[in-house]
Structures are given as C-alpha cells and as structure tokens.
Amino acid sequence: STDGERDNVLFNLQKAYVERNIDRYDQLLDEGFVFHFSQADFKDGNVSVEQWDRAAEVASNTNIFNRNFSKPGVDPISKIELTLTYAEGDNSWNQVTPEDQNTYPNETWYEKTVRYDLVAYSGPIEYTGLNIQASFIVRAAEVEGNEIWRIVSWRDDTE
C-alpha cells in the first residue's frame, strides 16, 4: 500500500455514513473487526455489551442506513451527518503490533485518534453524538487480489 492511503479509510467511513452506503461500509471493515462501545455507555446500561463483532456492526448499520427501516414507535432515519476531524498524513498514525500473532504474523497495524460529530435524524428526533473521541486501528488486507486498508477496531469515547 502506498503512503497516505490509511487516511482514505477514514474519508470513506465518513462518506459511507453520509451516503448510507452499506456495501462501502462493509468493505471498510476487516474480517476480524470489533466495535468497542464507550465504557460509560456500558456502565450506564445504554448498551448491553461492551463490544460486538463485524456481523453485529454490519447488521446494525444496515438498519440505520436503510431509509425504510423502522420499528414500532421509531421513525426511519431520514438523514445522517458524520464529520470526522483528525490530523492528516501517515505520520499521525501510531504503529501497533497485533496481539494475535498466530492470525496476523509479522503485520504492523496503525492506530489514529479522531474526533467525530454524528447526527441521525429520525422523524422529529435528532440523535446526536458531538465531539466524541474515538480510536481506529487499521491493517493492510488483501481483498479480491488488491491490498487495501481496513478497520480492525473502532473504540468509542476513548477519553
């Protein structure tokens, strides 16, 4: 992979949310992807698990991105705004050694801390998460014969 491509993951993440493109979002997540909820949300009972895997993340976002999805008492999401703020360039990524050396031998992963604002509109309700700090870890993965950067870990609310 060439230098600078790691930032493309973050650019494409933002684009996938705004365009509600589940296929693009799905491509960005590594096979071993894990989403880590904020410790505060878990402790306060806002979420029932501390983390979930790729399948749960894709299923959740499939519903969020689907303009026609609704459940009783909840309007479908009509619009999503996501803005990521981060220092650009490869020198703003920190090298990380994967814990699982059996699955990922001799790989170097990269971590970057970002701030984000997320607003989802559901009927008259706005769900907002403003100025949230998150950590993303990416790895170079081979997909259909091409090496691309994919997200291995999204750790929310890292402050």
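Bear in mind the structure is a predicted one, so any value in this text is a computation, not a measurement.

Description of the nonpolar core
- By size, the foremost hydrophobic cluster in this structure holds 30 residues, and its most contacted members are Leu-13, Tyr-17, Tyr-25, Phe-136, Ile-151 and Trp-154.
- Within the residue set of this core, elements represented by two or more residues are helix 1 (5–19), helix 2 (22–28), strand 1 (29–36), helix 4 (54–65), strand 3 (77–85), strand 5 (109–122), strand 6 (125–143) and strand 7 (146–156).
- In terms of residues, this core owes the most to one element, helix 1, which gives five residues.
- Filtering out sequence-adjacent residues up to four positions away, Tyr-17 remains in contact with Tyr-25, Glu-57, Asn-61, Phe-65, Ile-80, Leu-82, Leu-118 and Trp-154.
- Val-96, Tyr-104, Trp-109 and Ile-137 belong to the second largest nonpolar core, which has five residues in total.

As for the environment of Glu-81
- Here Glu-81 is to be found in strand 3.
- Take Glu-81: its relative accessible area is 31%, and that puts it in the partly exposed class.
- It is 9.6 Å that separates the C-alpha atoms of Glu-81 and Lys-15, two residues lying 66 residues apart in sequence.
- Excluding residues within four positions of it along the chain, Glu-81 makes contact with Asp-117, Leu-118, Val-119 and Tyr-121.
- Looking at Glu-81, its side chain comes within polar contact range of the side chain of Lys-79, at 3.2 Å.

A word on the pairing of strand 5
- In this sheet, strand 5 lies alongside strand 3 in antiparallel orientation, the contact comprising eight bridges. Each bridged residue has a counterpart across the sheet, and for Thr-83 the counterpart in strand 5 is Asp-117.
- For strand 4 (residues 94–96) and strand 5, the ladder comprises three bridges, and the chain directions are antiparallel. Within strand 5, the residue paired with Val-96 across the bridge is Trp-109.

Some points on helix 1
- Over its 15 residues, helix 1 extends 21 Å from the first C-alpha to the last, a length consistent with the 21 Å expected when each residue adds 1.5 Å.
- Taken as a whole, helix 1 has its buried residues at Arg-6, Asp-7, Val-9, Leu-10, Leu-13, Ala-16 and Tyr-17.
- Lining the buried residues of helix 1 we find helix 2, helix 4, strand 3, strand 5, strand 6 and strand 7.
- The positive-phi residue at the C-terminal boundary of helix 1 is Arg-20, with phi of around 55 degrees.

What counts and what doesn't
Residues numbered from 1 in each chain as written. Predicted model: local features only at pLDDT ≥ 70, side-chain atom pairs only at ≥ 80, totals over all residues. Heavy atoms only, no water. Core = buried A, V, L, I, M, F, W, Y, C linked by side-chain atoms within 4.5 Å. Buried < 20%, exposed > 50% of the residue type's maximum accessible area, 1.4 Å probe, protein only. Helix = DSSP H or I, 4+ residues; strand = E, 2+ residues; numbered from the N terminus. Contact = heavy atoms within 4.5 Å. Polar contact = N/O pair within 3.5 Å; in protein donor to acceptor, adjacent residues only side chain to side chain. Pairing = 2+ DSSP bridges. Expected span 1.5 Å × (residues − 1).

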